[in-house]
Amino acid sequence: AGAAKTAAEAAAAVAVSSATEAEGLRFKNMEETSGLREEVARAKAKAHAADLAPKGMQRELDGLRRDLDKAKAKGKETYSRLQTTLAEKSAAQSEKTALEREVRRLQGQGKALTKQEVQADKKQAGVKADLEGAQAKVAMVEAALALKTSELEERKAEERKREGERREGAEKK
């Protein structure tokens, strides 16, 4: 009975931990999505301004648009992965709840938890490993997104520099 109570407490602790992690992921994704939307808006504004630039800037503008499309696709992919992770978390919580009910039932009957306890522990460990894997994937996507964002910022800076040089050249004439 003591071992079953400890197993139920451990299962409850895992649920609280996974819920906190999922909330953290959801918050991080919301921040990331907000950042991507701002980036998309800035890129659209930049693209509109670049449409007014000379034809020589058209190639750079096309490159920026491709980068913008890539950033949008990465944002959608990140959002999709977050939804998948949240669905996995929900499934893990449902399974945990079912396992806790089973533990309580067995405690009430006074039966020893042997084979079922081992299976429940294995399932919980598997779900935790899946969640950690999903979190690792989200981290990789975030790193890739940060890299693309920095590349886009560098291109924007280069474009501003070229625009300034072009204006200085035009003013000298």
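Thresholds applied
- Within each chain, residues carry numbers counting from 1 in the order of the written sequence.
- Residues qualify for local features only when their pLDDT is at least 70, as the model is predicted, and side-chain atom pairs are given and counted only at 80 or more; totals for whole chains, interfaces and linings, by contrast, use all residues.
- Think of the side-chain values as coming from all heavy atoms in the structure, minus any hydrogens and water.
- Secondary structure counts use DSSP, requiring at least four H or I residues in a row for a helix and at least two E residues in a row for a strand, with both numbered from the N terminus.
- Whether a residue is buried, partly exposed or exposed follows from its accessible area with a 1.4 Å probe, protein chains only, as a fraction of its type maximum: under 20%, in between, or over 50%, in that order.
- Contacts: residue pairs with any heavy atoms within 4.5 Å of one another.
- Computed with a 1.4 Å probe, the accessible areas rest on the Shrake-Rupley method; for each residue, only the protein chains presented here act as cover.
- Buried Ala, Val, Leu, Ile, Met, Phe, Trp, Tyr and Cys residues that are joined via side-chain atoms within 4.5 Å together make up what is termed a nonpolar core.
- In the sections that follow, a salt bridge refers to a side-chain nitrogen of Lys or Arg positioned within 4 Å of a carboxyl oxygen of Asp or Glu.
- Across the chain, each position has a pLDDT score giving the predictor's confidence in that residue, from 0 to 100.

**A look at the overall build of the chain**
Secondary structure assignment for the chain yields three helices and zero strands. Ordered by position from N to C terminus, the α and β elements of the chain give α-α-α. Across the 173 residues in the chain, those meeting the buried criterion constitute 27%. In the chain, 89% of the contacts between residues at least 6 apart in sequence involve partners at least 24 apart. Surface exposure of the chain reaches about 11,400 Å², of which carbon and sulfur atoms provide 55%.

**Describing the nonpolar core**
Soluble, globular proteins show a tendency: their nonpolar side chains are buried together. Of all hydrophobic cores here, the largest spans five residues; its members are Ala22, Leu25, Leu82, Leu86 and Val138. Of all elements in the fold, only α1 (2-51) and α2 (58-109) reach the threshold of two or more residues within this core.

**With respect to the pattern of salt bridges**
If charged atoms from side chains of opposite charge come close, those side chains can pair. Within the structure shown, the criterion is met by 13 salt bridges. As a salt-bridge pair, Glu60 and Arg162 come within 3.7 Å of each other at their nearest N and O atoms. Taken together, the positions of Glu60 in helix α2 and Arg162 in helix α3 (residues 115-172) put the pair 102 residues apart, joining distant regions of the chain. Of the residues examined, Arg162 reaches a relative accessible area of 33% and is grouped as partly exposed. Here Arg167 makes a salt bridge to Glu163, at a shortest N to O gap of 3.4 Å. Taken as a pair, Arg167 and Glu163 lie in helix α3 at a separation of four residues, close to a single helical turn. Exposure remark for Glu163: the relative accessible area of 16% places this residue in the buried category.

**Some details on the side chain of Thr78**
Within the secondary structure, Thr78 is located in helix α2. What makes Thr78 buried here is its relative accessible area of 3%. Among residues more than four places away in sequence, those in contact with Thr78 are Asn29, Glu32 and Val141.

**Quick word on the confidence of the model for the chain**
The predicted structure's coordinates, where accompanied by low pLDDT, should not be read in detail. In the predicted model, the chain carries a mean pLDDT of 82, and 82% of its residues have values of at least 70. Element-level mean pLDDT values for the chain span from 74 in α1 up to 88 in α2.

**What to know about the environment of Glu142**
Tracing the sequence through the fold places Glu142 in helix α3. Expressed as a C-alpha distance, the spacing of Glu142 and Asn29, which sit 113 residues apart in the sequence, is 9.2 Å. Those residues in contact with Glu142 that lie beyond four places of it in its chain are Lys28 and Glu32.

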